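# Survey of secondary and tertiary structure
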Amino acid sequence: MKNSRLLSKSIAGMLFLLLAMALAMFLPYGSLHYRLAWLYLIVFFVPVLFITAYLFLFDKHLLESRLAVGPVAEPTVTQKLIQSAAGVAFIGVYILSALDYRYKWSDVPLYLSYVGDAFCVLAFVFLFYVFKANTFLSATIEVQEEQQVISTGLYGVVRHPMYTGALVLLFFTPLALGSFWGLVAVMVLAAVIIFRAIDEERELKAKLTGYEEYCNKVRFRLIPFIF
């Protein structure tokens, strides 16, 4: 893919995600005066912009492989269903959090929302190092040509560090938005992510040389000593 096309598709993808997230927060809230949502959007998209710029400069292969995302891009029916459920649950996190904050179903101290924002930033730092370590981290479940098993760094601790980072980001998102009830949608999304990780491993064990041995070496999928 030419650089100009890759850049334009990357920017378009970010803008689409920004719009979807903004609509999922401001429409349920009923106003643009949702200050925690504005702060969260900054906290979310500044790291995303940084990571995208880094990949464009130093790992265009990974950036291009991350552009094909969503149910349509998945090769199997199971993963299409999983990605569909993940998309609904992801948007649900923002809708439920905004409704909670609007109608005061829960009382989240302001300092805890700021703590949530801080952990979201840390989650993106974690994800940056995951992307830096694995150039084969496609957005869809596939075994790429010349793909190798990555077993060093974060991959020496858990088998799916990207999902670990995503779960940290998702867990602290409702708090950043002033909501406890949004965690209900996060739990649903976490279950979908776990199911995706398990199904992904079946594919990798079958098609990626050395992956089964890697699984025997690194025992935990997402959380050390737990799962």
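Heads up: these notes are all about the structure in this document. Bear in mind the structure is a predicted one, so any value in this text is a computation, not a measurement. (Residues numbered from 1 in each chain as written. Predicted model: local features only at pLDDT ≥ 70, side-chain atom pairs only at ≥ 80, totals over all residues. Heavy atoms only, no water.)

### Comments concerning the environment of valine 130
Tracing the backbone shows valine 130 in helix 5 (residues 110-133). For the pair valine 130 and phenylalanine 172, spaced 42 residues apart in the sequence, the C-alpha separation amounts to 19 Å. Aside from chain neighbours lying at most four places away, what touches valine 130 is Leu137, Leu154, Tyr155, Pro161 and Met162. (Helix = DSSP H or I, 4+ residues; strand = E, 2+ residues; numbered from the N terminus. Contact = heavy atoms within 4.5 Å.)

### Topic: the packing of helix 6 (residues 161-176) against helix 7 (residues 182-207)
The angle between the axes and the distance between the axes are what describe a pair of packed helices. Orientation of helix 6 relative to helix 7, taken along the N-to-C sense of each, is 170°, at an axis distance of 9 Å. Comparing the axis directions of helix 6 and helix 7 gives the class roughly antiparallel. On the side of helix 6, the interface is formed by Tyr163, Leu167, Leu170, Phe171 and Pro174, while helix 7 contributes Gly182, Leu183, Val186, Met187, Leu189, Ala190, Ile193, Arg196, Ala197 and Glu200. Classifying every residue of the contact of helix 6 with helix 7 by side-chain character gives twelve nonpolar, one polar and two charged. (Axes fitted to C-alpha atoms, helices over the stretch in contact; angles between N-to-C directions. Parallel < 35°, antiparallel > 145°, perpendicular 65-115°, else oblique. Nonpolar A, V, L, I, M, F, W, Y, C, P; charged D, E, K, R; others polar.)

### With respect to the packing of aromatic side chains
The tally for this structure, following the rule as stated, stands at 19 aromatic pairs. Aromatic pair phenylalanine 119 and phenylalanine 172: ring centres 4.3 Å apart, planes at 10°, arrangement stacked. Here phenylalanine 119, found in helix 5, pairs with phenylalanine 172, found in helix 6; they are 53 residues apart in sequence, far enough to count as distant. Ring geometry for phenylalanine 171 and phenylalanine 172: centres 5.1 Å apart, planes at 85°, overall edge-to-face. We classify phenylalanine 171 as partly exposed; its relative accessible area is 36%. An aromatic cluster is present here, built from Tyr40, Phe44, Phe45, Phe90, Tyr94 and Phe124 joined pairwise through their rings. We note lysine 104 situated over the ring of tyrosine 101; from NZ or CZ to the ring centre the distance is 4.3 Å. (Phe/Tyr/Trp six-rings, centres within 6.5 Å; stacked < 30°, edge-to-face > 60°. Buried < 20%, exposed > 50% of the residue type's maximum accessible area, 1.4 Å probe, protein only. Lys NZ or Arg CZ within 6 Å of the ring centre and 35° of its normal.)

### Concerning unusual backbone geometry
Positive phi, normally seen in glycine, also occurs at lysine 104, with a value near 55°. What makes lysine 104 exposed here is its relative accessible area of 56%. Positive phi, normally seen in glycine, also occurs at phenylalanine 225, with a value near 70°. Given a relative accessible area of 74%, phenylalanine 225 falls into the exposed group.

### What about helix 5?
Taking 1.5 Å per residue as the helical rise, helix 5 with its 24 residues ought to reach 34 Å, and the 35 Å between its terminal C-alpha atoms agrees with that figure. Within the span of helix 5, buried status applies to Ser113, Gly116, Asp117, Cys120, Ala123, Phe124, Leu127, Phe128, Val130 and Phe131. Among the structural elements, helix 2 (35-58), helix 3 (60-65) and helix 6 are those in contact with the buried residues of helix 5. (Expected span 1.5 Å × (residues − 1).)

### Side note on the nonpolar core
Ranked by internal contacts, the top residues of the largest apolar core, which has 62 residues, are Met21, Met25, Tyr34, Tyr40, Phe44 and Tyr94. Breaking this core down by element, the ones donating at least two residues are helix 1 (3-29), helix 2, helix 3, helix 4 (77-103), helix 5, helix 6, helix 7 and helix 8 (211-217). The greatest single-element share of this core, amounting to eleven residues, is contributed by helix 2. Setting aside residues no more than four positions away along its own chain, phenylalanine 44 makes contact with Leu17, Met21, Tyr94, Phe124 and Leu169. (Core = buried A, V, L, I, M, F, W, Y, C linked by side-chain atoms within 4.5 Å.)

### Some details on the layout of surface pockets
By volume, the second largest pocket amounts to about 180 Å³. Thr164, Leu167, Val168, Phe171, Val186, Met187, Ala190, Ile194, Leu222, Ile223 and Phe227 are the residues that line the second largest pocket. For the lining of the second largest pocket, the elements supplying multiple residues, two or more each, are helix 6 and helix 7. Among the residues making up the lining of the second largest pocket, the classes are represented as ten nonpolar, one polar and no charged. (1 Å grid on protein atoms, 1.4 Å probe; cavity = no way out; pocket = protein on both sides within 12 Å on 5 of 7 lines; lining within 4 Å. Points joined across faces, edges and corners; volume = space filled by probe spheres on them.)

### Regarding helix 1
In a regular helix each residue adds 1.5 Å, so 27 residues correspond to 39 Å; helix 1 covers 39 Å between its end C-alpha atoms and thus fits that length. All of the buried residues in helix 1 are Leu6, Ser10, Met14, Met21, Ala22, Ala24, Met25, Phe26, Pro28 and Tyr29. Elements that come into contact with the buried residues of helix 1 comprise helix 2, helix 3 and helix 4. Phi turns positive one or two residues past the end of helix 1, at glycine 30, with a value near 85°.

### Some words on the pattern of salt bridges
Applying the stated rule across the entire model yields four salt bridges. With a closest N to O distance of 3.3 Å, aspartate 199 and arginine 202 form a salt bridge. In this pair, aspartate 199 and arginine 202 are both assigned in helix 7, three residues apart and thus about one turn of the helix distant. A residue is classified by how much of its surface remains accessible, and aspartate 199, at 16% relative accessible area, is buried. Connected through salt bridges with shared partners, the residues Arg159, Glu201 and Arg221 form a single ionic network. (Salt bridge = Lys/Arg side-chain N within 4 Å of Asp/Glu carboxyl O.)

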